[in-house]
Amino acid sequence: MKNLPAPFAPLVAGGEGLDRYPARPSALAARMGEVYGLPADQVLPVRGLTHGLELVFRLAARDGLTVEAPDAEPYRALAALYRPGTGATGAVILRALGSPEAVAEMAARVAPALLVVDEGMAEYADAAFAAEAISDQPNLIVLRSLSMAYGLAGARVGAALGQPEALARLASVLEPYALPEVSVRLALQALDPSRLIETKERLAAVRRERERLTKALSREMTIEPGFGPVLMARPAHPDAVLTALTRYGVVAEKAGDRLRLPVSARAEINDRLLIALNLAPAKARANRTGQAVRDTKETRIVCAVDLDATGPVIISTGVGFFDHMLEQIAAHGGFSLTLSCEGDLQTDPHHTIEDSAIALGQALKQALGERRGIARYGFVLAMDEAEAHVAIDLSGRPYPLFEGAFATPFIGEYRTDLTAHVFRSLAEAMGAAVHIKVTGDDDHHKTEAAYKGFGRALRQAIRIEGEAVPSTKGVL
């Protein structure tokens with residue numbers, strides 16, 4: 001049966017190939033190896049961190065060995081489920097990150113048993129030690145997870161890292177078809193190189209927000225040392241704190257006399273937690289941020305903007321001149337922009353340029369939100385002999401107009417005929433009237449003037465001038 005497909009394809013969008021049983025996730029192991037700095041044969045994809053732990057307990061139970069593990073969930077539940085034997089120590093599980101030296105010391109104490117290190121939050125720490133320690137310790141297993149760092153908690157994907165012999169021991173108790181094909185596909189998308197710029201920014205934002213929350217909360221309660229998107233707090237009255245958080249829609253968990261408090265990458269969400277506890281400082285409106293993820297058969301794009309921050313500005317599309325033009329929009333628009341695109345450049349840059357403009361427009365539209373308090377209109381730009389007239393109305397109604405002609409078909413790998421297309425895509429995706437007229441002799445100058453002028457006009461239009469929606473209708 002395992003080689004035979006179902007008699008019909010699934011009635012779900014994007015379900016091509018799901019009528020067959022999943023194959024070995026070799027491509028995922030290879031990609032995880034690239035991300036973690038290990039060869040593919042030192043990576044065993046598993047169904048999340050808890051599945052990796054479960055394999056350790058299964059192995060010990062099968063061989064009648066014991067497991068030394070922290071007295072906390074999910075370790076306690078797994079120990080009760082598998083009831084490891086009373087023989088020699090089969091595995092020691094360390095909950096927190098450590099150093100290669102600490103691992104070596106522990107490995108020497110329990111050799112030749114497995115030493116398992118839970119690195120489920122490694123991406124939030126300053127440094128992990130998996131690759132360095134694995135090369136020296138044949139009995140070491142390091143567990144990683146895509147749940148928190150990559151937003152895939154529901155997909156249940158992780159990895160056991162170790163030397164091939166150690167992984168073979170774990171694989172001997174692995175059930176058939178352990179990792180669903182849907183989860184494999186989602187994991188490959190999340191780990192795609194085009195995603196890593198924004199992933200790093202998200203992780204950095206969580207670290208910053210964690211530090212801010214810790215400082216604010218420490219005035220009223222003890223916050224335990226740690227890292228990651230969860231704070232362990234010891235308030236004097238945990239039930240009262242939990243009730244206050246619930247009223248503001250903040251999901252927290254009680255663990256004995258402690259509370260697990262969530263840390264978001266978004267400041268406005270964390271502010272809700274502080275407001276619930278009367279610890280929020282007086283603050284102006286939250287930053288206007290937007291994000292777009294665009295996946296097609298031709299391009300894979302992640303774009304993020306922050307209209308109220310000037311950096312970072314990081315662009316990577318594979319089309320050098322276009323990267324430079326998008327940097328001009330962000331720099332002259334005065335906002336933060338990260339955009340990464342993996343496109344079919346071997347065919348033509350058209351899809352990369354068009355889809356990147358659509359993603360940028362979608363992110364700008366999300367960041368503008370209700371468009372409350374914005375100036376709404378923008379105008380400008382001269383650049384040497386070239387002149388660009390740019391008018392923007394952030395009305396919510398798309399209307400692109402572009403007047404200009406280019407004699408040069410390419411600037412580097414950038415097709416000049418796509419300039420009008422870029423601004424049409426931006427206008428349609430962000431919901432704006434964008435009128436551009438450009439004249440001059442040098443096509444480089446004319447193109448750059450159009451992008452810079454758009455950035456300057458956008459800078460004027462997104463400027464906050466008050467609280468009202470700039471329309472007699474009361475809505476945009």
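Residues numbered from 1 in each chain as written. Predicted model: local features only at pLDDT ≥ 70, side-chain atom pairs only at ≥ 80, totals over all residues. Heavy atoms only, no water.

Trainee: Where do I start with empty space enclosed by the protein in this structure?
Mentor: Gaps left between atoms are located by rolling a probe of water-molecule size over the structure's atoms. Taken as a whole, the largest cavity holds about 40 Å³ of empty space. Together, Val56, Leu59, Ala60, Asp63, Leu65, Gly90, Ala91, Leu114 and Arg169 line the largest cavity. Breaking the lining of the largest cavity down by element, the ones donating at least two residues are helix H2 (48–63) and strand S3 (89–94). It is H2 that provides the largest number of residues to the lining of the largest cavity, a total of four residues. Each residue belonging to the lining of the largest cavity can be placed in one class, and the counts come to six nonpolar, one polar and two charged. (1 Å grid on protein atoms, 1.4 Å probe; cavity = no way out; pocket = protein on both sides within 12 Å on 5 of 7 lines; lining within 4 Å. Points joined across faces, edges and corners; volume = space filled by probe spheres on them. Helix = DSSP H or I, 4+ residues; strand = E, 2+ residues; numbered from the N terminus. Nonpolar A, V, L, I, M, F, W, Y, C, P; charged D, E, K, R; others polar.)

Trainee: Can you help me understand the packing of aromatic side chains in this one?
Mentor: Here the distance between the centres and the angle between the planes together describe a pair of aromatic rings. Inspection of the entire model under this criterion finds eight aromatic pairs. Relative to Tyr451, the ring of Phe423 lies with its centre 5.0 Å away and its plane at 45°, an arrangement referred to as tilted. Linking Phe423 in helix H13 (residues 419–430) with Tyr451 in helix H14 (residues 443–462), this pair joins segments that are 28 residues apart in sequence. Note on Tyr451: relative accessible area 0%, which makes it buried. (Phe/Tyr/Trp six-rings, centres within 6.5 Å; stacked < 30°, edge-to-face > 60°. Buried < 20%, exposed > 50% of the residue type's maximum accessible area, 1.4 Å probe, protein only.)

Trainee: In this structure, what is going on with a negative patch on the surface? I would like to understand it.
Mentor: A surface patch of like charges, here negative, comprises Asp384, Glu385, Asp441 and Asp442. Mapped onto the fold, Asp441 is located in the loop between strand S21 (433–439) and H14. (Patch = residues over 30% accessible without salt bridge, like charges linked within 9 Å, V, L, I, M, F, W, Y side chains within 5 Å. Areas by Shrake-Rupley, 256 points an atom, 1.4 Å probe, with all protein chains shown as cover. Salt bridge = Lys/Arg side-chain N within 4 Å of Asp/Glu carboxyl O. Lys, Arg positive; Asp, Glu negative; His and termini not counted. Charge placed at Lys NZ, Arg CZ, Asp CG, Glu CD.)

Trainee: What's the story with unusual backbone geometry in this structure? I'm lost.
Mentor: Glycine aside, residues mostly have negative phi angles, and peptide bonds mostly take the trans form. Of the consecutive residues Glu73 and Pro74, the connecting peptide bond is found in the cis state with omega at 0°. Turning to its location among the elements, Pro74 is positioned in the loop between strand S2 (66–68) and helix H3 (75–82). In this structure, the amide linkage connecting Gly311 to the following residue, Pro312, adopts the cis form with an omega of 5°. Inspection of the secondary structure assignment puts Pro312 in the loop between strand S12 (299–306) and strand S13 (313–316). Notably, Asn278 is not glycine yet its phi reads approximately 60°, a positive angle. Its location among the elements puts Asn278 in the loop between helix H10 (267–276) and strand S11 (289–295). In this structure, Arg376 is a non-glycine residue whose phi angle is positive, near 80°.

Trainee: What exactly am I supposed to notice about helix H11 (residues 320–333) here?
Mentor: Helical geometry: 3.6 residues make up each α-helical turn, so side chains three or four residues apart lie on a common side. Relative to the 20 Å expected for 14 residues at 1.5 Å per residue, H11 spans 20 Å between its end C-alpha atoms, a close match to the ideal helical length. Of all 14 residues that make up H11, 10 are buried, and the element is covered over most of its length. Here H11 has its buried residues at Phe321, Phe322, Asp323, Met325, Leu326, Gln328, Ile329, Ala330, His332 and Gly333. Count one or two residues on from H11 and you reach Gly334, which has phi positive near 75°. (Expected span 1.5 Å × (residues − 1).)

Trainee: How should I be thinking about the sheet that holds S11 in this particular structure?
Mentor: One key point about sheets: their strands pair by backbone hydrogen bonds, in either a parallel or an antiparallel sense. Within the open sheet, the four strands sit side by side as S11-S12-S14-S13. Their pairing is mixed. Looking at which strands have only one partner, the edges of the open sheet turn out to be S11 and S13. Averaged over all pairs of adjacent strands, the angle between strand axes in this sheet comes to 5°, irrespective of strand direction. Looking at chain direction, S12 and strand S14 (residues 336–343) are connected through eight bridges and run antiparallel. Its bridge partner lying in S14, Val302 is registered against Ser340. Running at roughly 155° to S14, helix H8 (residues 193–217) makes contact with S11, S12, S13 and S14 of the sheet. (Pairing = 2+ DSSP bridges. Axes fitted to C-alpha atoms, helices over the stretch in contact; angles between N-to-C directions. Contact = heavy atoms within 4.5 Å.)

Trainee: Looking at this model, I keep getting lost on the layout of surface pockets. Mind explaining?
Mentor: Considering only enclosed or pocket space, the second largest pocket measures out at about 500 Å³ in volume. Looking at the second largest pocket, it is lined by 19 residues, and the ones nearest its centre are Arg24, Pro25, Leu44, Pro45 and Leu174. Put simply, the parts of the chain that give the lining of the second largest pocket at least two residues each are helix H1 (26–36), strand S1 (43–46) and helix H6 (164–171). Residues of the lining of the second largest pocket, tallied by class, amount to 15 nonpolar, one polar and three charged.

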